[in-house]
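These are the residues of each chain, in order.
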Amino acid sequence: MARNKHPEETVHLILDVAFRLFMEKGYEQTSIQDIINHLGGLSKGAIYHHFKSKEDILVAVTDKITHESNQMLATIRDRTDLNGKEKLKTIFKESISRPVQNDIFTVAPDFHKNPKLLFSLLHETIEEAAPNYIFPIIKQGISDGSIQTDYPEQLAELILLTANVWMNPMIFDSSEEETYYKFMVFSQMLKGFGLDIVDNELLERLRELAVIYQKNKLKSAL
């Protein structure tokens with residue numbers, strides 16, 4: 001039974017169940033009772049022992065999702081065998097290839113029903129990922145000559161906001177065709193900065209995720 005688990009295992013169980021329900025039903029439409037109903041006997045009191053509110057659960061879910069991504073970003077940022085431009089290219093390839101992307105796109109979360117999740121994504125992008133991972137890489141690229149810009153901080157934010165938000169099929173309900181057009185504009189924008197770091201392999205993977213999202217969204221509507 002869930003109540004017999006160690007505290008850290010109980011927390012993991014709560015977060016796993018909450019993540020699935022937030023994705024399937026939307027944050028606003030998911031109640032604490034919905035989460036309890038899927039926890040195999042865990043009481044409401046046990047949940048509130050670990051989390052003060054549903055919003056605290058959301059914050060913890062978001063932190064869990066981004067932790068693995070940030071570890072990957074830190075590993076690439078700290079490599080000594082790549083220049084700045086090569087690090088950015090590696091980040092794009094590694095980020096979109098992660099198996100967890102298939103899981104997220106398969107459950108087809110509707111960000112229109114999850115404004116708090118969307119805000120968490122924006123906050124993570126601007127307050128964490130851009131300044132702590134992409135900005136240092138761009139500064140290195142300026143130093144080693146592989147990146148040219150007078151505004152490294154703003155470029156870091158622009159790249160991540162475009163990649164994580166504007167090109168995300170789940171946020172704007174983009175079709176495969178729309179995703180392709182956005183990718184082409186993104187590619188042209190990066191080349192304008194001398195960053196020819198996205199290729200057809202990345203494009204095909206993005207289109208694949210868009211197809212997964214649209215198929216599962218249609219399935220859930222039936």
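Residues numbered from 1 in each chain as written. Predicted model: local features only at pLDDT ≥ 70, side-chain atom pairs only at ≥ 80, totals over all residues. Heavy atoms only, no water.

Draft legend 1. Structural detail: the overall build of the chain. Along its length, the chain carries eleven helices and zero strands. If you list the helices and strands of the chain from N to C, you get α-α-α-α-α-α-α-α-α-α-α. Judged by the C-alpha coordinates and their principal axes, the chain covers about 60 × 40 × 25 Å. The buried share of the chain, taken over its 222 residues, is 43%. Across the chain, the fraction of contacts at a sequence separation of at least 24, relative to all contacts at a separation of at least 6, is 69%. As displayed, the chain has an accessible area near 11900 Å², and 53% of this comes from carbon and sulfur atoms. Each charge sign in the chain was given a centre, from 25 positive and 32 negative side chains, and these centres are 5 Å apart. (Helix = DSSP H or I, 4+ residues; strand = E, 2+ residues; numbered from the N terminus. Buried < 20%, exposed > 50% of the residue type's maximum accessible area, 1.4 Å probe, protein only. Contact = heavy atoms within 4.5 Å. Areas by Shrake-Rupley, 256 points an atom, 1.4 Å probe, with all protein chains shown as cover. Lys, Arg positive; Asp, Glu negative; His and termini not counted. Charge placed at Lys NZ, Arg CZ, Asp CG, Glu CD.)

Draft legend 2. Local environment of the pattern of salt bridges. In this structure the tally under the stated criterion is seven salt bridges. Across the salt bridge formed by Arg-79 and Asp-81, the nearest N and O atoms sit 2.7 Å from each other. Put simply, Glu-204 and Arg-207 hold a salt bridge, and the shortest N to O gap is 3.8 Å. With a gap of three residues between them, Glu-204 and Arg-207 both fall in helix α11 (residues 200-221), about one helical turn apart. (Salt bridge = Lys/Arg side-chain N within 4 Å of Asp/Glu carboxyl O.)

Draft legend 3. Structural view of unusual backbone geometry. You will see that Asp-173, though not glycine, has its phi angle at about 55°, which is positive. Tracing the chain through its elements places Asp-173 in the loop between α9 (169-172) and α10 (176-192). On the basis of relative accessibility, which here comes to 30%, the residue Asp-173 falls in the partly exposed class.

Draft legend 4. A look at the nonpolar core. Ranked by size, the top nonpolar core spans 59 residues in total, and within it Phe-22, Ile-47, Ile-57 and Leu-88 carry the most contacts. Looking at this core, the element that brings in the most residues is helix α4 (residues 54-77), giving eight residues. When near neighbours in sequence (up to four residues on either side) are disregarded, Leu-88 contacts Ile-134, Ile-137, Ile-138, Ile-147, Ile-159, Leu-195 and Ile-197. (Core = buried A, V, L, I, M, F, W, Y, C linked by side-chain atoms within 4.5 Å.)

Draft legend 5. Representation of the packing of helix α1 (residues 7-25) against α4. In the contact formed by α1 and α4, the axes pass within 9 Å of each other and the chain directions differ by 95°. One element, α1, and the other, α4, form an angle in the roughly perpendicular class. Between α1 and α4, the residues in contact are His-12, Ile-14, Leu-15, Asp-16, Ala-18, Phe-19 and Phe-22 and Lys-54, Ile-57, Leu-58, Ala-60, Val-61, Lys-64 and Ile-65, respectively. Partitioning the contact of α1 with α4 into residue classes produces ten nonpolar, one polar and three charged. (Axes fitted to C-alpha atoms, helices over the stretch in contact; angles between N-to-C directions. Parallel < 35°, antiparallel > 145°, perpendicular 65-115°, else oblique. Nonpolar A, V, L, I, M, F, W, Y, C, P; charged D, E, K, R; others polar.)

Draft legend 6. Structural context of helix α8 (residues 152-166). For α8, built from 15 residues, the straight-helix expectation of 21 Å at 1.5 Å per residue is met to within 8% by its first-to-last C-alpha distance of 20 Å. Those residues of α8 not exposed but buried are Pro-152, Leu-155, Ala-156, Ile-159, Leu-160, Thr-162, Ala-163 and Val-165. Turning to α8, the residues buried within the fold contact α5 (84-97), α7 (115-144), α9 and α10. (Expected span 1.5 Å × (residues − 1).)

Draft legend 7. The arrangement of a nonpolar patch on the surface in detail. The grouping of Trp-166, Phe-172 and Val-185 at the surface amounts to a nonpolar patch, some 280 Å² of accessible area in total. In this fold, Val-185 is placed in helix α10. Since its relative accessible area comes to 45%, Val-185 is described here as partly exposed. (Patch = residues over 30% accessible without salt bridge, like charges linked within 9 Å, V, L, I, M, F, W, Y side chains within 5 Å.)

Draft legend 8. Structural view of α1. Between the first and last C-alpha of α1 there are 27 Å, a value that for 19 residues agrees with the 27 Å anticipated at 1.5 Å per step. By the burial criterion, the buried members of α1 are Thr-10, Ile-14, Leu-15, Val-17, Ala-18, Leu-21, Phe-22 and Met-23. Close packing links the buried residues of α1 with α2 (32-37), α3 (44-50), α4 and α7. Looking one or two places after α1, you find Gly-26, whose phi comes out positive at around 100°.

Draft legend 9. Up close: the environment of Pro-136. Looking at where Pro-136 falls in the secondary structure, it is placed in helix α7. You can call Pro-136 partly exposed: its relative accessible area is 30%. Remark: the alpha-carbon pair of Pro-136 and Pro-115, spanning 21 residues in sequence, is separated by 30 Å. Contact partners of Pro-136, with chain neighbours within four places excluded, come to Arg-77, Ala-130 and Pro-131.

Draft legend 10. Structural detail: the environment of Gly-40. One can find Gly-40 in the loop between α2 and α3. Sequence-wise, Gly-40 and Leu-13 are 27 residues apart; in three dimensions their C-alpha atoms are separated by 9.9 Å.

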